[in-house]
Amino acid sequence: MDMLLSGIGMLMHFDVLLALLIGSIGGVIIGAIPGVGPAVAIAILLPATFALPPLVGLVMLLGIYGSSMFGGALPAILINTPGTAVNALTTYDGHPMTQRGEALRALGLAYGASFVSGILSILALILLSPVLAKIAPMFGSKEIFLAALLGLVLVVIAHRGQTLAAGMLAGLGVFLGTVGLEPLKYTQRFTFGQEWLASGFDLIVIVLGLFALSQAFLLFSEPESAPETPPIKGSMGRAMLRIFKYKRLAVSGSGFGVLMGMIPGVGEFTAQFLSYTYAQKTSKTPEDFGKGSPEGLVASESANNAVPAAAMIPLLALGIPGEALTAMMLSVFYVHNVIPGPQLFQGQIDFVYALYAAMIILNVIVVLFMLVSSNLLLRIIRIPTRFLGVMILTLSFVGVYSLRNSVVDCAIAAAFGWFGLILKRQNLPAVPIVLGLVLGGIMETKFRPAMNRVSVFADFFERPIAAFLGFAILCLIVGHFASLYREQRNRQPNPDHDMHDSFQR
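Starting from 1, residues in each chain are numbered consecutively following that chain's sequence as written. Local features in a predicted model are, by the rule used here, given only for residues with pLDDT of at least 70; side-chain atom pairs are given and counted only at 80 or more, and totals for whole chains, interfaces and linings are based on all residues. Side-chain metrics rest on all non-hydrogen atoms present in the structure, leaving aside hydrogens and water.

Q: Lay out the packing of aromatic side chains in plain terms, naming residues and giving numbers.
A: Note on aromatic contacts: the rings of Phe and Tyr and the six-membered ring of Trp form a pair at centre separations within 6.5 Å, being stacked when their planes are under 30 degrees apart, edge-to-face when over 60 apart, and tilted otherwise. For the structure shown, the criterion picks out 7 aromatic pairs. Here the aromatic rings of Phe145 and Phe447 are separated by 5.2 Å at their centres, their planes lie at 45°, and the arrangement is tilted. Here the residue Phe145 occupies a position in helix H7 (residues 141-158), and Phe447 occupies one in helix H19 (residues 431-451), the gap between them amounting to 302 residues. Take Phe145: its relative accessible area is 12%, and that puts it in the buried class. Throughout, exposure labels follow a simple rule: accessible area from a 1.4 Å probe, protein chains only, divided by the maximum for the residue type, with under 20% read as buried, over 50% as exposed, and the rest as partly exposed. Given the relative accessible area of 35%, Phe447 is considered partly exposed. Ring geometry for Phe201 and Phe416: centres 6.0 Å apart, planes at 85°, overall edge-to-face. You can see Phe201 sitting in the loop between strand E2 (188-189) and helix H9 (203-221) and its partner Phe416 sitting in helix H18 (residues 407-425), a full 215 residues away along the chain. The class of Phe416 is buried, set by a relative accessible area of 10%. By the criteria applied, helices consist of DSSP H or I runs no shorter than four residues and strands consist of E runs no shorter than two, each listed in order from the N terminus.

So, in structure tokens, the structure goes:
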């Protein structure tokens, strides 16, 4: 109880509350502007947070991460353009409701579902993180290596239909982490005598290039647009209360979001798909889904907003990020010498409680802001895309240069920006590169001490947790190839069936 009060006391400082307010409202605004998104905003702000106290920097980033999807629902529902990528499913039922003249109802249900799922996922974080933290001391070097490897495998498998590309990009991320001085004997690797490669590729430089600069280049390369949006009339508070009519779907969607958020590399899209499918199968009117069903809207919005808090569970308890945004936050922890894992719960539990309280407060701030500002946000949506591109480009280069006052870093970020643009054009994911870079570093630092106590291959799996993780990795790989084989067999033509069709014709 004393630690809880201490954590709340840490949060009650003016700078922390101001950072939380800026992050929460800024996240809504960023989420409402198509073409920006939380990854771009966090990447731009990341260098600035290194100079701030750890709690101030983290609550600002958490505010953006947790609130962006609230704002992303606004353009998805009103103009059929998702503010963030994960709001794409919201357009299926949200925009048809707007076309029927039910824009206020659709927005109220989306905000209500987001708030309910946000609070439920934070409660899951509070309950499950300490449990994982108690188990975490059983994790030695072998177990952490296998847990990071499991995360990498999940990241690759989660990109259904792009597994090979995701695997290659994750491998590229792992390789980028090996460039420069190796951590044990400080010998140079893959530098080819170039001094500018000796310090390796900085995570923040790569993140800013892949997410922020690539988005700026994409905005420059597309025709300029500034969409018109209809005004909202009526009581938003009354519209949000209608969520209680669909409380079963809000709770089930939150459950899917929590489960998928805890698994590295899975995230919002899988949670939404499962929640939406469940809602459709249990609905009395499944034919309305995709045509303006309130149930489909609640299912998708509740699932995606439950993921951010759930993704913090493996990050805080094990120090293993589940996706790109938590990987960025992990760098803030490391810069301030705050190491996620069991030691965080043992030595700095008040800091953890402060993060919990901050996440609850940010949901309250966002809901209050959405109650009064939906029409104001409509004006922000109309910002021309070229102007957005210039803003993102300028802020990104300022952020990169401020890291080490290095023009070389700016050139590296620009190169990754062009590479990120190519990935966007080819509809390939950039997330595996970031997670490969982060998880690859964890795997390397843990693999060497683990091998000191291994004489034969079986020794690596002699402890129960290591054996379980190894078995899980094997099952995932075998299961994935089995599913690919079944899909291939189903696609093969049936000669007898083709002959019968020819005879009939």
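This is not the end of the story, as more comes after the structure.
Q: Describe a nonpolar patch on the surface, and please don't skip the residues or the numbers.
A: Only residues whose relative accessible area exceeds 30% and that form no salt bridge are eligible for patches; like-charged ones are grouped when within 9 Å, while nonpolar side chains (Val, Leu, Ile, Met, Phe, Trp, Tyr) are grouped when within 5 Å. All accessibility values rest on the Shrake-Rupley procedure with a 1.4 Å probe; residue burial counts only the protein chains present in the view. Each salt bridge in this description consists of a side-chain nitrogen of Lys or Arg and a carboxyl oxygen of Asp or Glu lying within 4 Å of one another. A grouping of Ile360, Val364, Leu368, Leu371 and Val372 is seen on the molecular surface, where their side chains present a nonpolar patch of about 420 Å² in accessible area. Within the fold, Ile360 resides in helix H16 (residues 349-381).

Q: An account of the pattern of salt bridges is needed here, citing residue identities and associated values.
A: Applying the stated criterion to the full structure yields 5 salt bridges. Residue Arg100 pairs with Glu102 through a salt bridge whose shortest N-O separation is 3.2 Å. With relative accessibility at 43%, the residue Arg100 sits in the partly exposed group. Its relative accessible area of 23% is what places Glu102 among the partly exposed residues. For Glu462, the salt bridge goes to Lys142, with nearest N and O atoms at 3.1 Å.

Q: Tell me about the confidence of the model for the protein, residues and numbers included.
A: Across the protein, the average pLDDT comes to 80, with 92% of residues at or above 70. For every residue, the pLDDT score states the predictor's confidence, bounded by 0 at the bottom and 100 at the top. Averaged pLDDT values over the elements of the protein bottom out at 47 in helix H21 (residues 495-504) and peak at 90 in H18.

Q: Can you explain the packing of helix H5 (residues 90-99) against helix H13 (residues 294-318)? Please cite residues and give values.
A: Two packed helices can be described by the angle between their axes and the distance between those axes. Axis geometry follows a simple rule: fit a line to the C-alpha atoms, using only the stretch in contact for helices, then measure angles between N-to-C directions, giving values from 0 to 180 degrees. The N-to-C vectors of H5 and H13 enclose an angle of 135°; their axes lie 8 Å apart at closest approach. Looking at the two axes, H5 sits oblique to H13. For the element pair H5 and H13, the recorded crossing hand is left-handed. Contacts from Thr90, Asp93, Gly94 and Met97 of H5 reach H13 at Pro294, Gly296, Leu297, Ser300, Glu301 and Asn304. Under the grouping applied here, Gly and all other residues not named as nonpolar or charged are polar, the nonpolar ones being Ala, Val, Leu, Ile, Met, Phe, Trp, Tyr, Cys and Pro and the charged ones Asp, Glu, Lys and Arg. A breakdown of the residues in the contact of H5 with H13 according to their chemical character gives 3 nonpolar, 5 polar and 2 charged. Throughout this description, any angle smaller than 35 degrees is read as roughly parallel, any larger than 145 degrees as roughly antiparallel, any in the 65 to 115 degree range as roughly perpendicular, and the remainder as oblique. Take the far helix as your reference; a near helix turned counterclockwise from it by less than a right angle gives a left-handed crossing, and one turned clockwise gives a right-handed crossing. We call two residues in contact whenever any of their non-hydrogen atoms come within 4.5 Å of each other.

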